[in-house]
Structure formats: structure tokens, C-alpha cells
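Overview (structure and organization)
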Amino acid sequence: MAAEGGGKEMNEIKTQFTTREGVYKLLTHSEYSRPNRVPFNSQGSNPVKVSFVNVNDQSGNGDRICFNVGRELYFYIYKGVRKAADLSKPIDKRIYKGTQPTCHDFNPLTATAESVSLLVGFSAGQVQLIDPIKKETSKLFNEERLIDKSRVTCVRWVPGSESLFLVAHSSGSMYLYNVENTCGTTAPHYQLLKQGENYAVHTCKSKSARNPLLRWTVGEGALNEFAFSPDGKFLACASQDGFLRVFGFDAAELHGTMKSYFGGLLCVCWSPDGRYIVAGGEDDLVTVWSFSDCRVIARGHGHKSWVSVVAFDHCTTSVEDGDPPAEFSGSDEDFHEQVPFGAGRDRTNSAHSRLSKRNSTDSRPVSVTYRFGSVGQDTQLCLWDLTEDILFPHLPLSRTRTHTNIMSATSPPTTGQTTTTTTVSTTTTNPSGTNGKDNVSNSSSSGGNPANSLPSTLPRSNSLPHSSNPAGGSNPNSHTGSNSAFIASGVSKFATLSLHESRKERHEKDHKRNHSMGHISSKSSDKLNQLSSARTAKADAAKTLGTTLCPRMEEVPLLEPLVCKKIAHERLTVLIFLEDCLVTACQEGFVCTWARPGKVGLLSSQNNPANSPSGTVV
């Protein structure tokens, strides 16, 4: 049934979309979910997350997938576009009582067909190291919650390391662990290692080696996500206070910052060459930040609610140039001074990427296109092209190779999550019937809030020129008679966003036109944000608007999405680009595979439901 205020077409779930490279198609028989395929009641639950690892299996089915749905954690062989999913045969399944998985990450260095190392973070603060192939639970970190009692928001293996991993919490702290060390039976004591603007790094003060090795405190409020640069040397952190902070990881030094237009930042991702960072959050925008220039170079408007995931598509991103000298993005060896835990650690080297080449000897523009995607609470998938007219605005514009369409798909905003608190033990099960207990005592809390819609009448352009910079890019598809007054009128509608709106009026009203940043919502997705911190954040936001940290809307190019499609009934929480497909997941617990152009024929049982368990969809 169509939503109130919208037609059937506007509320229809799309199963394919077209880009310049061809048609992406949803493979319904490759959908992963709970075995019974019944939609999950997501109210009050943590976001569904997906992790992949390749175990170099000789059979050709080397990909493994892990995803969490509510209290459950599943581990399957991922067959992608090659074969239909068999949900009746998970390699491992675990059900946790009293706490919920919130995030997870595989270590690609140690993965084999016989064993994988999977880290799982939980809503009560613990981190588990498990092997879903051997069906073992190796270790439980922060078991007594002496290190941090708040929800784990992000967990990642340190690139190039078999034993180090980093954990972020909704308290705003990050902790560096070593799997070889224990956590101790008392609360850790810390001593200051390094301090800077709105961050501090402490070492664990102990006579013997114990976890955590380091504690980072970053910004105000929750630390929602972090991401390592492709070479592993830098760390980008997206915080609830609206700041993106980029650190030199080993030196624990701040490289640069960026501020959201308003609200918190929820997600962050690096380009494959490490030159650019894209972040998204509660301002409904995607923001592109240049690593080398430490400034915002573009914003993208297409979502109608909070942006939950941003990701670069390494397969579609391309560089077309001659053979210019290489210029690498911030990988200078003299930038870092090594701290003890980083000594001897191997690094992933991205220096051979063609993307890191740029002609720095003459004015010839490099023909480059970065493709990235985003999904949000508005249930929409957006794909974006970042082209040379945005990246190199001071160089002569080359011919634009893509035509971007204005999409106006509309969907009702999703409802927020409720907060729950429980205290029970954790039970682990697997298909063979083996049970184990981890005896985890917890109290979980999570939340989310809906945001209202953006004006559908906003003019979109591949590149709105800077008001005082005629060298900026312009849209070659626009009329030659367009002038700055037209651009300013479009921007003014969008430059005054506000989060609050009555639920009944969402489909009828545009964003409120409040120039005062005092109207920013102080609601956080985490109860740990205190009112005083929110007020401070509002004041800081007002100070940063119109600066290099947070330029005004008319001061940077405004991107329009190449694709903007409603692809789910519930808010989207996952977007992952693979070689032959892209993977999305929504809060109902459905993990969907979208075949890239020309790859759909690889699925042998796509047109034969009798050979697939999905023929029994409930």
C-alpha cells in the first residue's frame, strides 16, 4: 500500500537500477537472512551489520559472510552471484541472551579454510574473539566491563597485524587491544601519552602487559565509526559531536578535522587511494573531504533522512591518464614517530594504486572518476560520481562523461528505536547442537531518531561553482542562461535545515528554515550524551559554520546522485562493494545481493526456484 502523501510509484521497492556501465539487478535467490526468512522486528535492536572474508578455498567458494540480526549471529558460505543461498546450512549460528552483537570484523591475514578470527562487539561493552569454523570462543575482552561499560560501536583489526585490534564505544573512547594480553581483574590505570584539541591518548599503567594498550578519548559524545586509511597509517573518526577527525595512528597526532553541517556524523570511508574521505550523518548529506588539503571539497544531497553508511566502489573508480609522476596522499615516512606498540608491524601498501597518480608537472587535468555509494534511514540507496571538475576546480574542465538524473523517490521516514536494559547470560549454539556459555552480564542501550524530508524542489547540479571562485566546475547539462541568482535560491532552501518535525507533517513540509544553529537537535543516538555537552556542541557548531571546517552550502559544489532508489521497507544499515556485486542490508534482517552489469547470468538457479530454498519464502 502506498504511504500517505505519496503515490504507488514513489513508494515502490526497486529491484534494479541503471548507471552508465549498465543495469544492476537484485538477485532474490541470493538473499541471506535468518533461516525462516521472517522479517525481524527491529524495534529497539542494534543495526544489522555484515562482514566478509575470503579464506582462499580451492573450490572457488572462498567468500564467507557474517551478519547479526537482533540477538543472533550467523556465519555462512557466501555464494554471491554464482549460486543461490542455502539458508538451511549455516556454518555457525550463535544466540546471545541479555546482550546483542553490534559490530564485527574478520582478520584477513589469518583466515584459512580451516580457521578464521572474528571479533564481535556487544551492546554492553564486551568484545568476543571467536572462530565460527572451528565453532570456538577463544577469548572475551572487557568481560567484567571494567574498561568501558558502554556499547561497542565499531571494532576493527589493525591493518597488517595478526594480534592488534581497535574498539570504539559510545562513551567516545577507543581502546587498542592485543589478543595475546589479558584484561586484568581490576580497572586499568592510565597515564597521559599525548594530548591535543579535543582528544587525548593514554597508555595503560601496569607492571605486566595487559589490555588495553592505549585509550583514546575523542571529541564529545559517542564515537560512531572509525576507518583506517588504505595504507593503515591514518585513522578517520566520525563522532556524535559532528566532527570528523583524522589522526596519524602510530604517532597519535591530529592531521585534520571537518565539521558536519549540523548533527552528528554516523559513518566514514576512505577512497581506495587514500586521497579523499567521505562522511555522512544526521544532516542528511554526504560530505567529501580532501586529505591533502584538509578541507571540504563537495557535499552531496539526495537522502531524505540520516545517512547510515558510506562506501567507495573500488571497481568502478577509474583514472585515465598518461604516465605522470606519482604523488602519494600523505604517506610521508617522516610524518610519524613510532610508539612501542607499532614497532615491526607490517603495513598494507596502497602506493601501487593507479589512483594515487596525478599529473603535477603541467596543467593537464587527470580524467578521474571516483564512485561511492550511501544508504540511509530513508531506505534509499544513492550512488555518486566524484569527477575531475570537483576534484581539480582550478584546472580546465574536461568533457563530463556522465549524465546524472534527478530522482525523486520518496519514502516515509523510519521510526526510532527504543531503549532496553537486560541482565542475563550469553548462550552459544551451532547447527550440530553444541552449546556453550560465556556468562556475560550486561545492560544494553541503543537508539535512533528519524529525521524529516528534504525539499524535493531543490535544484541539483554536478558542480555548483563557488560564489567567489569562477574556476569552480559547472554542470555542462544546465542552460547557458542559468545565473548565480538561480543557484543561490536553490541553496537557500537547503542551507537552513532543522531536524525537528511533526510526524503527521513529514510528507507535506520542507526542512524548517532556521538560520540559527541553536535549532539543532540535541538528541543523540546514545543516552550517554549529557545535556551540557549538547549545548556546548551547539555553540561550537555556530562558530564553525562558514569556516574551513564547515563551509556554507553555497561555498562548495553540491553533488547530485547518479542513482537514488528506494530498495527496502526498513532503514538500510549496510553497503558493501564486491567484485561482481554490491551487498545491502536493512534492519528487517535481509542481506541482499545486487549483481553488477553482465554478472547476473552467473547465478545458475536464478530462474529456477525449485532448486533454491527461497522458493519457500514466508
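Right, let's walk through the structure included here. Every chain is numbered on its own, with residues counted from 1 as its sequence reads. The predicted origin of the model limits local features to residues at a pLDDT of at least 70 and limits the giving and counting of side-chain atom pairs to 80 or more, whereas totals for whole chains, interfaces and linings rest on all residues. Only heavy atoms go into the side-chain values, all of them from the structure, while hydrogens and water stay out.

**Describing the overall build of the protein**
In DSSP terms, a helix is any run of H or I states spanning at least four residues, a strand is any run of E spanning at least two, and both are numbered starting from the N terminus. A count of helical and extended segments in the protein gives three helices and 35 strands. The contact criterion used throughout is that any non-hydrogen atoms of two residues lie within 4.5 Å. Look at the contacts in the protein between residues 6 or more apart in sequence, and 65% of them connect residues 24 or more apart. Areas reported as accessible are Shrake-Rupley estimates using a 1.4 Å probe. Residue values count occlusion only from the protein chains shown. In the form shown here, the protein has an accessible surface area of approximately 25,100 Å², with 49% of it arising from carbon and sulfur atoms.

**So, the packing of aromatic side chains**
Pairing of aromatic side chains requires ring centres within 6.5 Å, counting the rings of Phe and Tyr and the six-membered ring of Trp. Pairs whose planes differ by under 30 degrees are stacked, by over 60 edge-to-face, and all others tilted. Inspection of every chain in the model, using the stated rule, returns 26 aromatic pairs. Aromatic pair Tyr32 and Tyr78: ring centres 5.4 Å apart, planes at 35 degrees, arrangement tilted. A residue pair is termed long-range when its members are at least 10 positions apart, and Tyr32 in strand β2 (residues 22-32) and Tyr78 in the loop between β5 (72-77) and β6 (92-95) qualify at 46 residues. Seen in terms of ring centroids, Phe234 and Phe291 are 4.8 Å apart; in terms of plane orientation they differ by 75 degrees. Their pairing is edge-to-face.

**A closer look at the nonpolar core**
Counting 23 residues, the largest nonpolar core has Tyr32, Val50, Ile65 and Phe67 as the members making the most contacts within it. Those elements giving two or more residues to this core turn out to be β2, β3 (50-54), β4 (63-69), β5, β33 (572-577), β34 (581-586) and β35 (591-595). The definition of a nonpolar core used throughout is a set of buried Ala, Val, Leu, Ile, Met, Phe, Trp, Tyr and Cys residues joined through side-chain atoms within 4.5 Å. Each residue gets one of three labels from its accessible area relative to the maximum for its type: buried under 20%, exposed over 50%, partly exposed in between, using a 1.4 Å probe on protein chains only. Val307, Val368, Cys382 and Phe392 belong to the second largest nonpolar core, which has 22 residues in total.

**Section: the sheet that holds strand β13 (residues 173-178)**
Two pairing modes exist for strands in a sheet, parallel and antiparallel, and in both the strands are linked by backbone hydrogen bonds. Taken in spatial order, the six strands make up an open sheet running β11-β12-β13-β16-β15-β14, and their pairing is antiparallel. The strands lining the two open edges of the sheet, one partner per strand, are β11 (152-157) and β14 (189-196). Taken over all neighbouring pairs, the strand axes of this sheet differ in orientation by 20 degrees on average, direction set aside. Inspection of the sheet shows β11 paired to strand β12 (residues 164-169) by five bridges, in the antiparallel sense. Considered in β12, the bridge of Cys154 is made with Ala168. The rule for pairing is simple: two strands pair if DSSP sees at least two bridges between them. Here an axis means a line fitted to C-alpha atoms, over the contact stretch when the element is a helix, while the angle between two N-to-C directions is reported on a 0 to 180 degree scale.

**Focus on the pairing of strand β16 (residues 214-218)**
Here β16 shows one buried face, formed by Leu214, Trp216 and Val218, and one open face, formed by Arg215 and Thr217. Both β13 and β16 contribute to a ladder of four bridges, which runs antiparallel. Its bridge partner lying in β16, Ser173 is registered against Thr217. Sheet topology note: the strand β15 (residues 199-205)/β16 ladder contains five bridges and is antiparallel.

So, to be careful, I would describe these as geometric facts and stop short of saying anything about function.
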